Amino acid sequence: MTISSFLRCSNSKTTRSAFVRRIIQKRDHHPDPFNPQTTKGWKAAVKEASIPTTKHDEEIQRGLELGLPGSSSIEDKTIPTFSRGELPHFAGINTFMKAPYLEDVKDVGNFDATVIGVPFDGGCTYRSGTRFGPQGIRRISALYTPYNYERGIDLREQMSLCDAGDVFTIPANIEKSFDQISNAIAHVAASGSFPIILGGDHSIGFPTVRGIASVTSKRIGIIHVDRHADIQEKDLDERMHTTPYFHATNIPNVRPENLVQIGIGGWQVPRPAVGNMVERQTNIFTMEDIETLGIEKVAEMALERAWDGCDAVYLSYDIDSIEAAFVPGTGWPEPGGLLPREALKLVGLVAAEGLCGMEVVEVSPPYDHADITSLMALRICVDVLGSMVSHGTLGKHKSIIDKPFTPFN
């Protein structure tokens, strides 16, 4: 029944008056949506005006210089003839977030963060295809702008980012690929630039950590978000994607007691891995732990254990940790994982303390639908950057770099 029909049908003047008073009374227990003190939405809208546009303006000017001014019929004089920069989102060369492609990797130290693709799936034990993960993530990254409304930040204005391209991996040789990967990550880490690694299967979790650990004498903790334990010594007689954290925690300055594994469970945890988890005393949170304790408490406990006695923390994010319905494009999907909002909340909390590097792995575009898995991986990456920028912790890792880059043999 509508309000007007209710008032027509009511025979009591008292009833009608009471009803009117009830619907027009001020609800003091509701937040005022226009008051920046009460809703984050309005506060974010107000904050936007304080964010500079310097880099945006420079990008437009550069586009006009390099791409030629637009035709005379174009009213918006910021539009060039050839697409350069962010717009339009459907055009341009697909680097990560349309960041500049850095052909000379010796210059990575000039940037706050560097994107590195690791197109390797030689460690897959079931469905391959993650070698196309870096391409998929870069392609869908054209959809995004560098501005985040809720956080009130603009990555283009508040940090510098480059895309160094892909590591030259060897499809038929895991160990040679591992050396290539460790060399690439060590080179970037030694420069002080923050490495953002796009996998690739999870076997790369060992050589990526090994690369960072090689340029510091300090201790590194790991936060590993996954549905799988990934701590067997070998699988199918090789160091496959089920093994990275057995080998990573053999590195002298990467200890198993500082390995935190979040989301482990389901029907795909091999029993040989469980014995290693117990023997090495890693820190394990199942999905039931997350449901019981909540994301914020799990993040707090994870940070406490990962940072205990350490000088830096590395984030390894396996996309299959998310509920399979949201990430079909992965090699080992497992129902019952994190919801996307939970995943983003978790990485935002973890990254706020500062990281020495991050990877997102197991994105397999051949099994994806409408790029939704690649999009989720992209969002993990940019939320990590956004959290560190928001909290002033991007670059915190530079203090641990105290050894020069030495190539792996």
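**A look at the overall build of the chain**
Point 1. For the chain, the helix and strand inventory stands at 14 helices and 10 strands.
Point 2. Overall, the chain is about 90 × 60 × 40 Å in size when its C-alpha atoms are taken along their principal axes.
Point 3. For the chain, buried positions account for 50% of its 409 residues.
Point 4. The long-range share in the chain, meaning contacts at least 24 apart out of those at least 6 apart in sequence, stands at 76%.
Point 5. For the chain, the accessible area works out to roughly 19700 Å², and carbon and sulfur atoms hold 55% of it.
Point 6. Taken as two groups, the 40 positive and 51 negative side-chain charges of the chain have centres that lie 8 Å from each other.

**Brief notes about the pairing of strand β4 (residues 161–166)**
Point 1. Of all 6 residues in β4, 5 are buried; the element is thus mostly enclosed.
Point 2. As judged from the 4 bridges shared by strand β1 (residues 113–118) and β4, these two strands associate in the parallel manner. Within β4, the residue paired with A113 across the bridge is L161.

**Here we look at the pattern of salt bridges**
Point 1. Counted according to the given criterion, the structure contains 14 salt bridges.
Point 2. Residue K55 is joined to E58 by a salt bridge in which the shortest nitrogen-to-oxygen separation is 3.9 Å. Separated by 3 residues within a single helix, K55 and E58 lie in helix α4 (residues 54–67), roughly one turn from each other.
Point 3. Judged by relative accessible area, E58 falls into the partly exposed class, the value being 45%.
Point 4. Between R227 and E334 there is a salt bridge, with the nearest N and O atoms lying 3.9 Å from each other. Residue R227 is found in the loop between β6 (220–225) and α9 (244–248), and its partner E334 is found in the loop between β9 (312–318) and α13 (340–351); the two are separated by 107 residues along the sequence. For the pair R227 and E334, one class covers both residues: buried.
Point 5. Residues participating in the shared-partner salt-bridge network are E59, E86 and R156.

**Brief notes about the layout of surface pockets**
Point 1. Approximately 1000 Å³ is the volume attributed to the largest pocket.
Point 2. Forming the walls of the largest pocket are 30 residues, and the residues nearest its centre are E59, K98, A99, P100 and L161.
Point 3. Of all elements in the fold, only α4 and α6 (155–158) reach the threshold of two or more residues within the lining of the largest pocket.
Point 4. With 6 residues, the top contributor of residues to the lining of the largest pocket is α4.
Point 5. Of the residues that constitute the lining of the largest pocket, the class distribution is 13 nonpolar, 9 polar and 8 charged.
Point 6. Reported here for the second largest pocket is a volume of approximately 690 Å³.

**As for the packing of helix α12 (residues 295–307) against α13**
Point 1. Packing of α12 against α13 brings their axes to within 9 Å, and their N-to-C directions diverge by 35°. Handedness of the crossing formed by α12 with α13: right-handed. Together, I295, E296, A299 and L303 of α12 and E342, K345, L346, L349 and V350 of α13 make up the contact between the two elements.
Point 2. Class assignment of the residues belonging to the contact of α12 with α13 gives a composition of 6 nonpolar, no polar and 3 charged.

**With respect to the packing of aromatic side chains**
Point 1. As enumerated under the stated definition, the model contains 2 aromatic pairs in all.
Point 2. Note on Y126 and W332: the rings are 5.2 Å apart at their centroids and 45° apart in plane angle, and the pair reads as tilted. Pair noted here: Y126 is in the loop between β1 and α5 (133–141) and W332 is in the loop between β9 and α13, with a separation of 206 residues, a long-range link.
Point 3. Since its relative accessible area comes to 29%, W332 is described here as partly exposed.
Point 4. Here R127 stacks its cationic end above the ring of Y367, 3.9 Å away from the centre of that ring.
Point 5. Lying over the aromatic face of F246, R280 brings its terminal NZ or CZ to 3.9 Å of the ring centre.

**Some details on the environment of S374**
Point 1. Note on placement: S374 falls in helix α14 (residues 372–391).
Point 2. Placed 240 residues apart in sequence, S374 and P134 show a C-alpha to C-alpha distance of 8.7 Å.
Point 3. Excluding its chain neighbours within four sequence positions, the residues that come into contact with S374 are G136, I137, I140, V363, P365 and D368.

**With respect to the nonpolar core**
A general feature of soluble globular proteins is that nonpolar side chains tend to end up buried together.
Point 1. Within the largest apolar cluster, 54 residues are counted, with the highest numbers of intra-cluster contacts made by F96, I196, I223, I262, L315, L338 and L355.
Point 2. Discounting residues that sit within four places of it in the chain, I196 has contacts with A113, T114, V115, I116, L161, M358, C381 and L385.

**A short note on the packing of α5 against α14**
Point 1. Between α5 and α14, the shortest axis-to-axis distance is 8 Å and the interhelical angle comes to 80°. Considering the angle they form, α5 stands roughly perpendicular to α14. Mapping the contact onto sequence places G136, I137, I140 and S141 in α5 and S374, L375, A377 and L378 in α14.
Point 2. Looking at the contact of α5 with α14 residue by residue, the class counts come to 5 nonpolar, 3 polar and no charged.

**Examining unusual backbone geometry**
Point 1. Of note, the amide linkage connecting L87 to P88 takes the cis form, showing an omega dihedral of -10°.
Point 2. In this fold, P88 is placed in the loop between α4 and β1.
Point 3. Following G199, the chain continues to G200 via a peptide bond in cis, the omega torsion being 15°.
Point 4. One non-glycine residue, M97, adopts positive backbone phi at about 55°.
Point 5. Tracing the chain through its elements places M97 in the loop between α4 and β1.
Point 6. Its identity as a non-glycine residue notwithstanding, K98 has a phi of 60°, on the positive side.
Point 7. If you trace the backbone, K98 turns up in the loop between α4 and β1.
Point 8. The exposure class assigned to K98 is buried, which follows from its relative accessible area of 16%.

What counts and how
Residues numbered from 1 in each chain as written. Predicted model: local features only at pLDDT ≥ 70, side-chain atom pairs only at ≥ 80, totals over all residues. Heavy atoms only, no water. Helix = DSSP H or I, 4+ residues; strand = E, 2+ residues; numbered from the N terminus. Buried < 20%, exposed > 50% of the residue type's maximum accessible area, 1.4 Å probe, protein only. Contact = heavy atoms within 4.5 Å. Areas by Shrake-Rupley, 256 points an atom, 1.4 Å probe, with all protein chains shown as cover. Lys, Arg positive; Asp, Glu negative; His and termini not counted. Charge placed at Lys NZ, Arg CZ, Asp CG, Glu CD. Pairing = 2+ DSSP bridges. Salt bridge = Lys/Arg side-chain N within 4 Å of Asp/Glu carboxyl O. 1 Å grid on protein atoms, 1.4 Å probe; cavity = no way out; pocket = protein on both sides within 12 Å on 5 of 7 lines; lining within 4 Å. Points joined across faces, edges and corners; volume = space filled by probe spheres on them. Nonpolar A, V, L, I, M, F, W, Y, C, P; charged D, E, K, R; others polar. Axes fitted to C-alpha atoms, helices over the stretch in contact; angles between N-to-C directions. Left-handed = near helix turned anticlockwise from the far one by under 90°. Phe/Tyr/Trp six-rings, centres within 6.5 Å; stacked < 30°, edge-to-face > 60°. Lys NZ or Arg CZ within 6 Å of the ring centre and 35° of its normal. Core = buried A, V, L, I, M, F, W, Y, C linked by side-chain atoms within 4.5 Å. Parallel < 35°, antiparallel > 145°, perpendicular 65-115°, else oblique.

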